[in-house]
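Geometric and topological summary
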Amino acid sequence: MRRRTPPPPAPLPQRDGIDPVRVRLPAEGPWESVREYLVERLSGAGPGVVDGMFAAGLFVGADGRAVAPDAGFRPGTYVWFHRELPYEVPVPFPIEIVHRDEHIVVADKPHFLATTPRGSHVVQTALARLRRELGLPTLGAAHRLDRLTAGLVLFTVRPEERGAYQGLFRDRRVRKEYEAVAPYDPALALPRTVRSRILKERGVLAAREVPGEPNAVSEIDLIEHRRADGLGRYRLLPHTGQTHQLRVHMTALGVPILGDPLYPEVAAPETPGAFRDPLQLLARGLEFTDPVTGVEHRLRSSRVLESWAAQP
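Residues numbered from 1 in each chain as written. Predicted model: local features only at pLDDT ≥ 70, side-chain atom pairs only at ≥ 80, totals over all residues. Heavy atoms only, no water.

Some thoughts on the overall build of the chain
A count of helical and extended segments in the chain gives 6 helices and 13 strands. Considering only C-alpha atoms, the chain reaches an extent of 75 × 45 × 40 Å along its principal axes. Contacts in the chain between residues at least 24 apart in sequence constitute 63% of all its contacts with a sequence separation of at least 6. Roughly 17,100 Å² of accessible area belongs to the chain as shown, and the carbon and sulfur atoms make up 50% of that amount. (Helix = DSSP H or I, 4+ residues; strand = E, 2+ residues; numbered from the N terminus. Contact = heavy atoms within 4.5 Å. Areas by Shrake-Rupley, 256 points an atom, 1.4 Å probe, with all protein chains shown as cover.)

What to know about the environment of D229
Relative to the assigned elements, D229 resides in the loop between strand 10 (216-226) and strand 11 (231-238). Exposure remark for D229: the relative accessible area of 29% places this residue in the partly exposed category. Along the sequence, D229 and R74 sit 155 residues apart, while their C-alpha atoms lie 67 Å from each other. A distance of 2.7 Å separates polar atoms of two side chains, one belonging to D229 and the other to R226. (Buried < 20%, exposed > 50% of the residue type's maximum accessible area, 1.4 Å probe, protein only. Polar contact = N/O pair within 3.5 Å; in protein donor to acceptor, adjacent residues only side chain to side chain.)

Considerations on a positive patch on the surface
Residues R118, R144, K200 and R202 make up a contiguous surface patch of positive charge. If you trace the backbone, R202 turns up in the loop between strand 8 (192-199) and strand 9 (208-210). Residue R202 is classed as exposed on the basis of its relative accessible area, which comes to 86%. (Patch = residues over 30% accessible without salt bridge, like charges linked within 9 Å, V, L, I, M, F, W, Y side chains within 5 Å. Salt bridge = Lys/Arg side-chain N within 4 Å of Asp/Glu carboxyl O. Lys, Arg positive; Asp, Glu negative; His and termini not counted. Charge placed at Lys NZ, Arg CZ, Asp CG, Glu CD.)

Some details on the nonpolar core
Counting residues in hydrophobic clusters, the biggest one holds 33 residues, and the most contacted among them are L139, F155, L236, M250 and L281. Every element with two or more residues in this core is listed here: strand 4 (104-109), helix 3 (126-134), strand 6 (150-156), strand 7 (175-183), strand 11, helix 5 (245-252) and strand 12 (281-289). With residues near it in sequence (within four places) discarded, F155 still touches H103, I104, V105, A107, T115, A126, L127, L130, L139, G140, A141 and A142. Membership of the second largest hydrophobic core comes to 15 residues, among which are L42, F54, V67 and F73. (Core = buried A, V, L, I, M, F, W, Y, C linked by side-chain atoms within 4.5 Å.)

Focus: the side chain of D260
The topology assignment puts D260 in the loop between helix 5 and strand 12. There is a polar contact of 2.9 Å between the side chain of D260 and the backbone nitrogen of L262. Not counting residues up to four positions away in its chain, the partners in contact with D260 are R247 and L279.

And the structure:
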């Protein structure tokens with residue numbers, strides 16, 4: 001089997017912790033110049049934007065030099081540029097570092113901060129912020145937490161080791177413990193293991209349970225409850241990693257997690273910059289054997305869920 005030649009290193013530095021965009025010219029096509037191809041490829045940018053970027057020298061080749069608009073189309077070559085990103089409201093909560101060594105960084109992510117650039121959240125993400133704050137441009141995420149979920153996230157320092165750490169999560173060799181605050185139901189027998197099939201359709205905000213072979217397994221237990229406000233604090237141990245798995249399973253048990261904008265019903269979109277009523281879900285612990293060093297890691301978040309900290 002023929003190996004694909006890896007792309008050359010980016011000739012542009014990161015900007016605000018974000019890598020430049022890399023475009024590989026197709027193997028064949030009707031284009032005679034790089035400009036013709038990029039005008040078609042980036043048509044969503046709006047009329048005149050690509051030509052303006054060429055005029056400003058913002059498209060560069062592997063040698064770091066600006067690409068001329070009349071440069072001939074050469075299949076398989078690369079072009080880099082930085083996207084102009086819209087303003088994002090800063091997430092006004094710090095990221096705490098739980099563990100750091102030469103191989104990994106384990107961060108305690110706040111609510112409302114996405115893990116990695118995606119959609120409308122790019123600069124205001126844990127990855128971009130940590131690259132800037134720690135001075136680690138090669139930092140990469142080994143897994144991901146939902147933007148609304150707080151807690152522990154594992155990042156890798158060396159790109160060549162990222163696959164080993166991602167494999168921990170893919171092969172379920174990480175013990176993940178979550179904590180949630182939800183209504184207390186004295187009739188709900190706990191602990192229990194919930195098994196179901198969860199379907200998350202592209203373009204649909206909420207996932208749902210459907211008939212079929214289970215693909216999602218969660219252990220759920222009650223840690224303690226308060227009679228004064230009818231709330232319980234729960235320990236959640238996911239054995240699989242389906243999208244919104246814990247949120248779906250808690251809702252199915254009749255005790256949806258507090259502050260959840262999707263379950264049991266989809267709420268109106270949040271106001272940008274509001275940062276109110278966070279989802280009361282926390283990735284409390286990570287336990288794993290380091291695949292590079294062999295060290296046994298048992299890491300804990302020091303965060304306290306807001307609704308539980310408040311005395312009724």
